[in-house]
Every structure is written in C-alpha cells, then in structure tokens.
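Per-entry structural report
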Amino acid sequence: MPAPDSLEILSRMVALDTTSEKSNLPLVDLVCERVDRVGVRTIRQPTEDGEKANLVVVAGPEGTGRDGLVLCGHTDTVPATEPGWRSDPWTLTEVDGRLVGRGAADMKGFLALAVEAFAAVDPARLEAPLALLFTHDEEVGTLGARRFVESGPESAGLPRRTIVGEPTGLRAVRMHKGHVRIRIEVRGVPAHSAYPHLGRSAIEPAARAIAALAALREELAGERPEHAEAFEPVPFVPLNVGRVAGGVADNVVPDRCAIDLGLRPLPGMAAGPLVERVREAVAPALDGEEWSLELVNESPPAIVPADTDLYRWLVDETADGGSVSFATDAGWLQRAGFECVVWGPGSIEVAHKPNEWVPVADLDRAREVLARAVARWCGGTA
C-alpha cells in the first residue's frame, strides 16, 4: 500500500472537484498546507479573475543555475458526469489493488507523490533546488503552462530538468504531439423558412467546408513529417472535425454555423503553417460567403534529445516509452528552456473514462523512483 502520507494526500485531492470549469484554489491551499516550512519559497500566480492559480514551490539553494529538479503536474481534471461510475468519483476507493476516482491517474496520483517527495526533504541539506510546478487548466488547452511561461519572472529561477507527471505507465517519454484548435464560422442571413429567398443559409456552405476538411484530413494522413516513425500507428498529423453547431430551428434559415476542429502536429511542426493549410483548404468551398477562421488555442508538441540526462536516467530506472500522441504542459515549458520528460504512474487509457484508476503498485514504484531522482539531482534528504 502507498505510505499513509501520499494515500491521505491523494484521497484529499480526489475529494476536491477541480474540474476545469471550477476553481483549483482548494487544491493549491492543500499543497501549501503540506509543504510550508522554513526554507520553502511559495509563489502563486493567480488568474485575472482570481479563481485559479499556478503554484510554484521551491526548496534548496538559490542561484545554482540550471541544476536541480522540477516536478510538474496539472491540478484540473475532466468532468465525472459519465453514467458508468460504480463508486463516487470524488471518493478515492480501493478495488483489487486499484485506487479509483476522478483524477487518480490523470494526474493527482503523481501530484500526491510529488508533494510527499517534496515534504520529505530538508531544505537546508539540498545541494540544488527542488521545485513543484502545479498548473491550472491543462485539460482545456494547457492554459496555465502557457501563462506561466509567458509571465517570465516565475520561470527564470527554476531548474531546467523537469518531470511532467502524466500517466505513462512509468515509461519515460521524450516527445509528444501537440494540439491546434481552430474554429471556422460561417455567417448567413436569417429568414422564415417559408421565404428562403429572404435569407441565406450558413449551414450549407459550412457543409461544403467540412467536405473540404475531410479531403485535407486524407491528404495529411498520407504525409510523413519528421519523427513520424515514433508515432505509429498514427505517424501523421490527424485532423478531427469535433463539433458543428448552427441554426436555431428547422423553420428558420440558419444565419450562423461554427465548425470546431483540431490537428495534432508532430515535434518540430509549428501551428501557423497548419492554420494556413486549413484556410487554403476551405476557402474555395466558402467562396462568396461571409466567414472567418480563428486559431482558438495551441498546445505545442514537445521533444528532448535522446541523450538528455534525465530521460536516460528514467529509462534506466523504469522503461522507455519513446513518444505519446497527446499534448502536455511540456510543450509550453520547453519554449522557456525546460528539459521535460513525461513520466508518471497509471495509464492514459483509463483517463477521461468512468472508474478512472491508478495501480497501487505504480504508486509504490513511482515513490521509490522519485526519491532516488530527488537524491540524484538535488542532494540530501531528511
């Protein structure tokens, strides 16, 4: 079983509903409560409305350059509204060696272990800094990590060596795809459907645009960008039309239709050229229409070299995961010079589903590895 500290912390974290649409401040308060002591420096980076915050907690000497270790994770979860839950999603429940609850795998299991590892150190004995970086709103577009990076000062004094604790089954991941979210909006003229000549449908040209996007999807599927071989069975940029919304009633000529789509670029690919390819693909289908295209959000892809010391060390300690196709906070953090390896307990295959769970064995193993990582990169522990 996990040690009482991490199990108790995880239980309390799961009990806090930090769905992205809600505040993460109760969890931030919990973490501060557990790590606050002499020699610990805490920085909160609140959102403009004050409802959420990124949290940075640092122990150890200042001014040591890039040495040390950052343990990074996101505090938000997806909702738990699925009907298939067999227990209360906000109550951590043990079932046959599994700890079940929303966020248990993605990624409060890692957060609890990170807090436990941080609480175990004596700040006065550390030879290099140990830091926690807990972000808000990762699930809705890595928004907290982007704000952290773009804020500047908070990231300047932290170590560069970073574990981003997503559920990888304890396999070290050095690269992942990104996520580019785009919205196309077509505008028409409303009218009573009995007098269609007085209006202009927005849905019909949007349908032509969707057909053009399907053609672009097939085109992208036939391409093999750099690093494609690392992303089997999807070694290309997938395009997904995920949502279409238009019209108000079947007796009204629809004056608006929105198309939400996403693309997942591989490492080394920028969002801008993909946005332009989408624009060029739909422009002929929307010729003569009033329409707009907006880059809604970008979660960049990420990659660190195969000889990165933290990656090689985690591979030796556990296993090599190579790559994953989902986006993480690492994409933004690498833009600020952080050397990120994605590694953590649990499986992404059970995340975002009813009865999400993390294996007790994964937590036990991860605790051991994190303790050695702290000793290896930061120095003495209590």
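Structure report, in brief. Quick caveat: nothing in here was measured; it's all calculated off a predicted structure.

This part is about the sheet that holds strand E14 (residues 290-299). What the 4 strands build is an open sheet, ordered E11-E13-E9-E14; its pairing is antiparallel. Single-partner strands in this sheet number two, and they are strand E11 (239-246) and E14. Between one strand and the next, the sheet's axes are offset by a mean angle of 15°, whatever the strand orientation. As judged from the 9 bridges shared by strand E9 (residues 179-187) and E14, these two strands associate in the antiparallel manner. Following the sheet pairing, Val-180 is matched in E14 by Glu-298. Its contacts with the sheet place helix H6 (residues 203-221) against E9, E11 and strand E13 (256-263), and it is angled at close to 10° to E13.

Further remarks concern the packing of H6 against helix H7 (residues 271-282). Running from amino to carboxyl end, H6 crosses H7 at an angle of 130°, the nearest separation of the two axes being 8 Å. Taken together, the axes of H6 and H7 are oblique relative to one another. Crossing geometry of H6 relative to H7 is assigned as right-handed. Taking contact as the criterion, the partners of Ala-209, Ala-212, Leu-213, Leu-216, Glu-219 and Leu-220 in H6 are, on H7, Arg-277, Val-278, Ala-281 and Val-282. Each residue belonging to the contact of H6 with H7 can be placed in one class, and the counts come to 8 nonpolar, no polar and 2 charged.

Taken in spatial order, the 3 strands make up an open sheet running E4-E5-E18, and their pairing is antiparallel. Of all strands in the sheet, those with a lone pairing partner are strand E4 (93-95) and strand E18 (357-359), marking the two edges. The average angle at which neighbouring strand axes cross in this sheet is 30°, direction not considered. Bridging between strand E5 (residues 98-100) and E18 involves 3 bridges; their strand directions are antiparallel. Of the residues in E18, the one forming a bridge with Leu-99 is Val-358. Relative to E18, helix H3 (residues 104-119) is tilted by about 50°, and along the sheet it contacts E5 and E18. Across the face of the sheet, helix H10 (residues 360-378) comes into contact with E4, E5 and E18 while running at roughly 60° to E18.

Here is what the cut-offs are and how they apply
Sequence order as written defines the numbering, with residues in each chain counted from 1. Given that the model is predicted, a residue must reach a pLDDT of at least 70 before its local features are reported, and side-chain atom pairs must reach 80 or more before they are shown or counted; all residues, however, enter totals for whole chains, interfaces and linings. Side-chain metrics in this entry use all non-hydrogen atoms of the structure; hydrogen atoms and water are not considered. One bridge is not enough; two strands pair if DSSP finds at least two bridges between them. We count a stretch as a helix when DSSP gives it H or I for four or more residues in a row; a strand needs E for two or more, and each element gets its number in order from the N terminus. Axis geometry follows a simple rule: fit a line to the C-alpha atoms, using only the stretch in contact for helices, then measure angles between N-to-C directions, giving values from 0 to 180 degrees. Whether two residues touch is decided by their heavy atoms; if any such pair falls within 4.5 Å, the residues are in contact. Working rule for angles: under 35 degrees goes down as roughly parallel, over 145 as roughly antiparallel, 65 to 115 as roughly perpendicular, anything else as oblique. Left-handed describes a crossing in which the near helix is turned anticlockwise from the far one by less than a right angle; the clockwise case is right-handed. Under the scheme applied, nonpolar residues are Ala, Val, Leu, Ile, Met, Phe, Trp, Tyr, Cys and Pro; charged residues are Asp, Glu, Lys and Arg; polar residues are all the others, including Gly.

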